[in-house]
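Here is what each chain is made of, one letter per residue.
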Amino acid sequence: AVLRAADEARRRSRGSAVSFAAVRNINYSNICYFKCGFCAFSKGKTARSLRGPGYRLGVEEIVRRVREAWERGATEVCMQGGIHPDYTGQTYLDILAAVKAALPQMHVHAFSPLEVFQGAATLGVPVPEFLGRLRAAGLGSLPGTAAEVLDDQVRRVLCPDK
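As the structure is a computational prediction, the values presented were derived from the model and not from experiment.

Counting its regular elements, the protein contains six helices and three strands. Scanning the protein from its N terminus toward the C terminus, one meets helices and strands in the order α-β-α-β-α-β-α-α-α. Total accessible area computed for the protein in this model is approximately 9,700 Å², and 57% of it derives from carbon and sulfur atoms.

Spelled out as structure tokens, the structure:
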């Protein structure tokens, strides 16, 4: 029923036109200081050898990958990473500044809710203020990902440090 209602709403507002966005995902680090029991992506003290070594891309490499995406037809990049122990809110702002300086027309869809929370906390500012700074630096949209567990009781079991 939900699918049919959504399809009807789409048909009324957009007709039969179909569009798509060419997007490149850039994971700039898989190092994370959280120890979520279900995460097979991040590397930390307990998961160093899982699916290869940990990595952290420098800003120059991130920009190189954004340029490469643009040259291949992408109009958007999705950028996310683990909650790196050395990252601050300024790190995220610096990544945005470098990307937008290199390709101001690229749409930047980046930073999980936890990255935004952590960035704000490291700068000592409220989340809404940090979001404003990210937007001013060129953030176009936020992904709704990171598989956050919303139930407090379940989260305490799976991710006791969150």
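Next up on the list: the sheet that holds strand β3 (residues 107-110). Read from one edge to the other, the open sheet built from three strands follows the order β1-β2-β3, with strand pairing classed as parallel. In the strand order of this sheet, the two ends are held by β1 (23-27) and β3, each with one partner. With direction set aside, neighbouring strand axes in the sheet form an average angle of 25 degrees. As judged from the four bridges shared by strand β2 (residues 76-80) and β3, these two strands associate in the parallel manner. Within β3, the position partnered with Val 77 by the bridge is Val 108.

Among the nonpolar cores identified, the biggest contains 27 residues, and Met 79, Phe 111 and Leu 134 are the most heavily contacted of them. For this core, the secondary-structure elements that each account for two or more residues are α2 (59-71), β2, α3 (89-102), β3, α4 (113-123) and α5 (127-137). The leading source of residues in this core is α3, at five residues.

All chains considered together, the criterion is met by eleven salt bridges. Here Arg 11 and Asp 7 are joined by a salt bridge, their closest N and O atoms 2.8 Å apart. You can see Arg 11 and its partner Asp 7 sitting in helix α1 (residues 2-14), four residues apart, about one turn around the helix. The exposure class of Arg 11 is partly exposed, given its relative accessible area of 40%. A residue is classified by how much of its surface remains accessible, and Asp 7, at 30% relative accessible area, is partly exposed. When the shortest N-O distance is used, the salt bridge between Glu 68 and Arg 72 registers 3.8 Å.

For Ala 110, the position within the fold is in strand β3. With residues up to four places along the chain from it excluded, the contact list for Ala 110 reads Met 79, Leu 139, Ser 141, Leu 142 and Pro 143.

What follows covers the packing of α3 against α4. At a closest axis distance of 7 Å, the pairing of α3 and α4 adopts a crossing angle of 115 degrees. Residues Gly 89, Gln 90, Tyr 92 and Leu 93 of α3 form the contact with α4, whose participating residues are Glu 115, Gln 118, Gly 119, Thr 122 and Leu 123. Its residues assigned to classes, the contact of α3 with α4 comprises three nonpolar, five polar and one charged.

The geometry of an aromatic ring pair comes down to the distance between the two centres and the angle between the two planes. Applying the stated rule across the entire model yields four aromatic pairs. Considering the side-chain rings of Tyr 28 and Tyr 87, the 6.0 Å spacing of their centres and the 35 degrees angle between planes classify their relative orientation as tilted. On the criterion of sequence distance, the pair formed by Tyr 28 in the loop between β1 and α2 and Tyr 87 in the loop between β2 and α3 is long-range, its members being 59 residues apart. The residues Tyr 28 and Tyr 87 share a single accessibility class, namely buried. An angle of 65 degrees between the planes, with centres 5.0 Å apart, marks the rings of Tyr 92 and Phe 111 as edge-to-face. Highlighted residues: Tyr 92 in helix α3 and Phe 111 in the loop between β3 and α4, separated in sequence by 19 residues. Since its relative accessible area comes to 1%, Tyr 92 is described here as buried. Every member of this aromatic cluster is reached through a ring pair, and the members are Tyr 28, Tyr 87, Tyr 92 and Phe 111.

What counts, and where the lines are drawn
Residues numbered from 1 in each chain as written. Predicted model: local features only at pLDDT ≥ 70, side-chain atom pairs only at ≥ 80, totals over all residues. Heavy atoms only, no water. Helix = DSSP H or I, 4+ residues; strand = E, 2+ residues; numbered from the N terminus. Areas by Shrake-Rupley, 256 points an atom, 1.4 Å probe, with all protein chains shown as cover. Pairing = 2+ DSSP bridges. Axes fitted to C-alpha atoms, helices over the stretch in contact; angles between N-to-C directions. Core = buried A, V, L, I, M, F, W, Y, C linked by side-chain atoms within 4.5 Å. Buried < 20%, exposed > 50% of the residue type's maximum accessible area, 1.4 Å probe, protein only. Salt bridge = Lys/Arg side-chain N within 4 Å of Asp/Glu carboxyl O. Contact = heavy atoms within 4.5 Å. Nonpolar A, V, L, I, M, F, W, Y, C, P; charged D, E, K, R; others polar. Phe/Tyr/Trp six-rings, centres within 6.5 Å; stacked < 30°, edge-to-face > 60°.

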